[in-house]
Amino acid sequence: MSQLQDEIRAAAEPYPDKKSAVMSGLRMAQHQYGGWLPPEALVEVAEALDLTPAHVQSVASFYDMYNLAPVGEHVVEVCTNISCALVGAQQVVDAFSEELGIEPGETSEDGKVTLRTIECAGGCGYAPVVVLDHRYREPTRPEDVRGIVEELRNG
Amino acid sequence: MAEHAHAVLAGADERDLTKISEYRAVGGYATLEKARGMSREAVIEEISNASLRGRGGAGFPMGRKLSLVQPPEAAGKPTYVVANADESEPGSFKDREIMSRVPHRFLEGCLIAAHAIGSKHVFVYIRGEYLAEFDVLKAAADEARDAGVLGDVTLVIHRGAGAYICGEETALLDSLEGKRGQPRPRPPFPPVAGLYDAPTLINNVQTLANVPLIIDLGAAEYSKIGPEASPGTVVYSLSGNVQRPGNYELPLGTTLRELIYDVGGGIPNGRQLKAIIPGGSSVPVFTPDQIDTPADFDSIQKAGSFLGSAAIIVVDDRACMVQLALRAEKFYMHESCGKCTPCREGTRWMVNLLEKIESGEAGHADLNLLRNVCDRVEGRSLCALGDFAVWPVRSYIDKYRDEFEAHLDGAGCPYGGESSVDGVMAPVDLHRHLPLTEVPA
């Protein structure tokens, strides 16, 4: 057992059935593997919990927060659901797109930043919502974008 | 003017109630002791008499749910309390506020509920994106554990990973069991066979956070807040084109006008009100003439929609309703779990037809077909997501039909690129593999 697998097994302890820890396991593995889940990560999670890699993959592919392809060092997510859209979310997406020189869904050439749109993050009253490396930045206006990108590039 | 009423969030403006010492200073966890001194039946009776209706969307009476859960000695196995903190209805952000400001009150509600059904196991399923809220809740849970408040109850906080459908209770249970979060056929319902096939009470965060107050005040006192049929307060989430968006805890039955104009400060930039979505993006839309509807379960339903999670989205006159419908439908298409056909296929048909209408390439037959697809999806899916995918689109068509028709037969969008939601991208646009084939006339 690797250290990651020991940690995943420990995370499974509070559950009556260790299978329940597959989500925690995937999150821990994703962190360890640099932000995404290559096939060997799925195998590692499967072994730790006595599951088949196919089952682990079926779970990993279901949820939005597991990345099955590499992402940049930083991930910028812009919510474009209704409440954010009504107060200018697309302008925020466009500003990031322009500043980073990439389209949503892409990663900058230097591998620093991935940009994507997300569904409702639950920050509708503080819209538009941007999530920077899992931390909410509410609200974010198009004029804030240049500073944010600069920080990410230097950070 | 809407009357200010704090129940669930009481004391949070004055004190840092994330700390157990502060929460105890306002009487926190004393109610749990009181409840533990009562019989299970007496706790359930109090909650039933308080007519507490679920705050997660469906409005199901909590007392009835409690009384349906088999006790562990009858079931012959452990039973469970599951708190649904997977808040993901577009427009809704109230549970987040409750967990980050009064986490102990919420946990106390979970523990009282556990006592009421004789369960020794509480699971909180919190959406994966709520990392800051998870941190607060975990710290509170650790404090409660260290203070011995949990007693012999185990408490596990389980993080989701981004799936709207996991707010649906049976999908949540599958997710918690380590599977893809897909709804289960019912019956059996969770009180009979829920988590690990055992009797399970599953309730929304805000519902559970009301429980300490009910036990503390007693049902008779509690019932004096808000309308008779659904007493208590609700945390309204106000968003969209409104001057002061945010969460506001008020008595149930506050009117939409009070919420939007008195509380929310009205529509910014001198724009006109065009539409009100009264319960999160999934519910049928209201037109401005329905603004005097009281925002409680029964009144909103009588007026043709649902209070849902009390998420009120305000839409001003710059929004094209076809574009808004398209954005909503792309969400449901993305979040459809794929298990049953009407929802999985229907959402794609609706998106394709709405895109055709928005582009100006559609005719009346397409609009009628879209309306027809709505009727064929509604009521035919395993869970309510199919209905949620229908209600916005169908209500936008029925209430703003002129606007939809103005797009047809080559005319295109009457807003000419000036709509507030023009060209808004959705995650589904980033990975939509199915070709947009011609829709048959």
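None of the values given here were measured: they were computed from a predicted structure.

Calculation rules
Residues numbered from 1 in each chain as written. Chains lettered and ligands numbered in written order. Predicted model: local features only at pLDDT ≥ 70, side-chain atom pairs only at ≥ 80, totals over all residues. Helix = DSSP H or I, 4+ residues; strand = E, 2+ residues; numbered from the N terminus. Rg over C-alpha atoms; globule rule 2.2 N^0.38 Å. Buried ≥ 20, exposed ≤ 12 C-beta atoms within 10 Å, placed from the backbone. Contact = placed C-beta atoms within 7 Å. Expected span 1.5 Å × (residues − 1). Pairing = 2+ DSSP bridges. Axes fitted to C-alpha atoms, helices over the stretch in contact; angles between N-to-C directions. Nonpolar A, V, L, I, M, F, W, Y, C, P; charged D, E, K, R; others polar. Domains from an automatic or database assignment. Arc of directions from axis to C-beta.

Chemist: Explain the overall build of chain B here, please?
Modeler: When helices and strands are counted, chain B shows 19 helices and 8 strands. The globule rule puts the C-alpha radius of gyration for 441 residues at 22 Å, and the 22 Å found for chain B is close to it. In chain B, which comprises 441 residues, the proportion classed as buried is 58%. Within chain B, counting contacts between residues at least 6 apart in sequence, those at least 24 apart form 72% of the total.

Chemist: Help me out: how do you make sense of helix α6 (residues 89-100) of chain A in this one?
Modeler: Residues three or four positions apart in an α-helix share a direction because the helix packs 3.6 residues into each turn. Residues and elements named next belong to chain A. Between its first and last C-alpha atoms α6 spans 17 Å; for 12 residues at 1.5 Å apiece the expected length is 16 Å, and the two agree. Within α6 the residues assigned to the buried category are A89, Q90, V92, V93, A95, F96, E99 and L100. Trailing α6 by a residue or two, G101 shows a phi angle of about 70 degrees, which is positive.

Chemist: Looking at this structure, how should I read the sheet that holds strand β7 (residues 273-277) of chain B?
Modeler: In sheet architecture, strand pairing relies on hydrogen bonds along the backbone and comes in two forms, parallel and antiparallel. Residues and elements named next belong to chain B. Overall, mixed pairing links the 4 strands, which are arranged β6-β5-β8-β7 in an open sheet. At either end of the open sheet lies a strand with only one pairing partner, and these are β6 (246-251) and β7. Recorded for the sheet is a direction-independent mean angle of 25 degrees between the axes of neighbouring strands. Strand contacts of helix α6 (residues 94-101): β5 (233-240) and β6, with the helix running at about 120 degrees to β5, the strand carrying the most contacts.

Chemist: How do you make sense of the pairing of strand β1 (residues 80-85) of chain B when you look at a structure like this?
Modeler: Each regular strand displays side chains that alternate between the two surfaces of the sheet. Residues and elements named next belong to chain B. Across the 6 residues of β1, 6 count as buried, placing the element largely inside the fold. Residues Y80, V82 and N84 point to one face of β1 and V81, A83 and A85 to the other, with burial holding for every one of them. Here β1 pairs with strand β2 (residues 121-126) via 5 bridges, running parallel. Across the sheet, V82 pairs through a bridge with F123, a residue of β2.

Chemist: Whenever I open this one, the interface of chain B and chain A confuses me. Can you help?
Modeler: It is common to report an interface's size as the accessible area lost on association of the parts. Listed per partner, the contact involves 52 residues of chain B and 44 residues of chain A. Going through the elements one at a time, α8 (131-146), β3 (154-159), β5, β6, β8 (311-316), α14 (321-335) and α19 (427-430) of chain B are the ones with two or more residues in the side of chain B that touches chain A. By residue number, the principal contributor to the side of chain B that touches chain A is α14(B), which donates 6 residues. Broken down by class, the residue content of the side of chain B that touches chain A amounts to 25 nonpolar, 18 polar and 9 charged.

Chemist: What's the story with the domain arrangement of chain B in this structure? I'm lost.
Modeler: Residue and element names in this part refer to chain B. Parsing chain B into structural domains produces domain 1 (20-222), domain 2 (233-316) and domain 3 (321-430). At the junction of the two partners, domain 1 supplies 9 residues and domain 3 supplies 8 residues. Its residues placed into classes, the side of domain 1 that touches domain 3 shows 6 nonpolar, 2 polar and 1 charged.

Chemist: I tried to follow the sheet that holds strand β2 (residues 113-118) of chain A on my own but got confused; where do I start?
Modeler: Residues and elements named next belong to chain A. Overall, mixed pairing links the 4 strands, which are arranged β2-β1-β3-β4 in an open sheet. In this open sheet, the two edge strands, each paired with only one partner strand, are β2 and β4 (135-137). Neighbour to neighbour, the strand axes of the sheet diverge by 25 degrees on average, direction disregarded. Contacts between α6 and the sheet are confined to β1 (74-79), β2 and β3 (130-132), with β1 contributing the most and set at about 155 degrees to the helix.

Chemist: For this particular structure, what's the right way to read helix α3 (residues 40-49) of chain B?
Modeler: Residues and elements named next belong to chain B. Taken together, the buried positions of α3 are occupied by V43, I44, E46 and I47. Projected down its long axis, α3 shows its buried positions confined to an angular sector of 160 degrees, all on one face. Of the residues trailing α3, S51 is marked for its positive phi of about 50 degrees.

Chemist: Please clarify how the environment of B:V322 should be interpreted in this entry.
Modeler: Residue and element names in this part refer to chain B. Note that V322 resides in helix α14. For V322, a count of 28 C-beta atoms within 10 Å translates into the label buried. Sequence-wise, V322 and P185 are 137 residues apart; in three dimensions their C-alpha atoms are separated by 33 Å. Among residues more than four places away in sequence, those in contact with V322 are L354, I357, E358, E403, F404, H407 and C413.

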